[in-house]
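Okay, here's what each chain looks like letter by letter:
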Amino acid sequence: MRKLIQFTNTGCNKYIKGDKMSNNFVLDIQKKENNIKEVPKVAESVLKNFEVNDLTSGVPIVEILNNLGFKIFQSNLEPDGLSAYIAVDPTFEEYYGSNKIIFVDTKGNIGHKRFALAHELAHYLFDFNGDENLCYYNTYFPESESENEEEMRANCFAANLLMPEREFQKKFEQYKNNQSKADIVSTLSRYFLVSPTAVLKRFKELGIEGYEQ
């Protein structure tokens with residue numbers, strides 16, 4: 001087990017653990033009935049709340065989670081196919097230094113790890129209720145064939161957070177006439193720091209014909 005390295009350093013450090021503004025922001029989201037249609041707006045509000053304006057180094061998902069009090073680690077997770085898990089439990093405070101932790105599998109590439117972190121953030125925002133429960137646990141198996149509504153919503157949030165529609169469309173228009181499809185996917189993957197698979201799925205979600213999987 002080891003601490004997850006910082007993927008980006010974009011200056012998202014306005015908020016610190018326990019910051020009242022951040023906590024109130026999260027509570028406002030958790031109190032709402034957030035169906036999947038509202039998810040893009042929630043993702044946009046997260047970026048706005050943490051003043052993420054420059055995406056040239058990718059959305060600082062690690063910093064956002066740190067500022068919400070999460071400790072993030074990477075380990076060889078089991079069973080096979082498990083990419084990440086989130087746990088909120090007051091008994092973790094003494095051992096981990098926080099009651100909120102996320103583990104990601106070491107075997108994933110950086111883009112996949114970042115998507116897994118954003119996916120778990122969605123579970124914290126949408127599915128954990130601190131007023132009713134002291135503890136919360138959830139796992140992320142991306143290859144699972146039976147996705148329920150919570151998993152679909154978490155994936156939708158992760159895609160919208162890491163690849164905001166306006167910025168994604170803007171970059172696609174910038175590159176589409178000068179590069180091959182494979183090069184466009186690769187360029188967007190590097191720009192947003194996500195996997196090529198995530199880029200292809202984003203094409204499909206946004207209805208960009210000829211580029212979806």
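Attention in this report is confined to the structure presented alongside it. Just so we're clear, the structure is a prediction, and the values are computed from it rather than from any experiment.

What counts and how
- Along each chain, residues carry numbers from 1 onward, in the same order as the chain's sequence is written.
- Local features in this predicted model are restricted to residues whose pLDDT is 70 or higher, and side-chain atom pairs enter the listing and the counts only when it is 80 or higher, whereas totals over whole chains, interfaces and linings include all residues.
- Hydrogens are left out, water is left out, and the side-chain values use all remaining heavy atoms of the structure.
- Only buried Ala, Val, Leu, Ile, Met, Phe, Trp, Tyr and Cys residues count toward a nonpolar core, and they belong to the same one when joined by side-chain atoms within 4.5 Å.
- When accessible area is computed with a 1.4 Å probe and restricted to protein chains, residues below 20% of their type maximum are described as buried, those above 50% as exposed, and intermediate ones as partly exposed.
- Helix and strand assignments follow DSSP, with helices taken as H or I runs no shorter than four residues and strands as E runs no shorter than two, numbered in order from the N terminus.
- In what follows, residue pairs with any heavy atoms lying within 4.5 Å of each other are defined as contacts.
- For this analysis, a salt bridge means a side-chain nitrogen from Lys or Arg found within 4 Å of a carboxyl oxygen belonging to Asp or Glu.
- Between 30 and 60 degrees the pair is tilted, below 30 it is stacked and above 60 it is edge-to-face, where a pair is any two Phe, Tyr or Trp rings, Trp via its six-membered ring, whose centres lie within 6.5 Å.
- Note on geometry: a ring has a charge over it if NZ (lysine) or CZ (arginine) is within 6 Å of the ring centre and within 35 degrees of the ring normal.

**Details of the nonpolar core**
In terms of nonpolar packing, the biggest core is built from 59 residues, with L121, F157, L161 and F203 touching the most fellow members. The leading source of residues in this core is helix α5 (residues 110-126), at 9 residues. Those residues in contact with F157 that lie beyond four places of it in its chain are V39, V42, A43, V46, A118, L121, A122, L125 and F126. Judged by nonpolar contacts, the second largest core, of 8 residues, contains F73, A87, F92 and I101.

**Things to note about the pattern of salt bridges**
Taken as a whole and judged by the stated rule, the model has 5 salt bridges. The partner of E44 in a salt bridge is R166, with the nearest N and O atoms 2.9 Å apart. Placement of the pair is E44 in helix α2 (residues 39-49) and R166 in helix α7 (residues 165-175), with a sequence separation of 122 residues. For E173, the salt bridge goes to K176, with nearest N and O atoms at 3.0 Å. A residue is classified by how much of its surface remains accessible, and E173, at 43% relative accessible area, is partly exposed.

**Overview of the packing of aromatic side chains**
Using the criterion set out here, one finds 15 aromatic pairs in the structure. Ring centres of F126 and F157 lie 5.7 Å apart, and the angle between their planes is 90°; on these two criteria the pair is classed as edge-to-face. Of the two residues, F126 is situated in helix α5 and F157 in helix α6 (residues 149-162); the sequence distance between them amounts to 31 residues. Neither F126 nor F157 differs from the other in exposure class; each is buried. Counting every residue linked through ring pairs, the aromatic cluster contains F73, Y85, F92, Y95, Y96, F103 and Y137. Looking at K100, its charged tip hangs above the ring of F70, at a distance of 5.4 Å from the centre.

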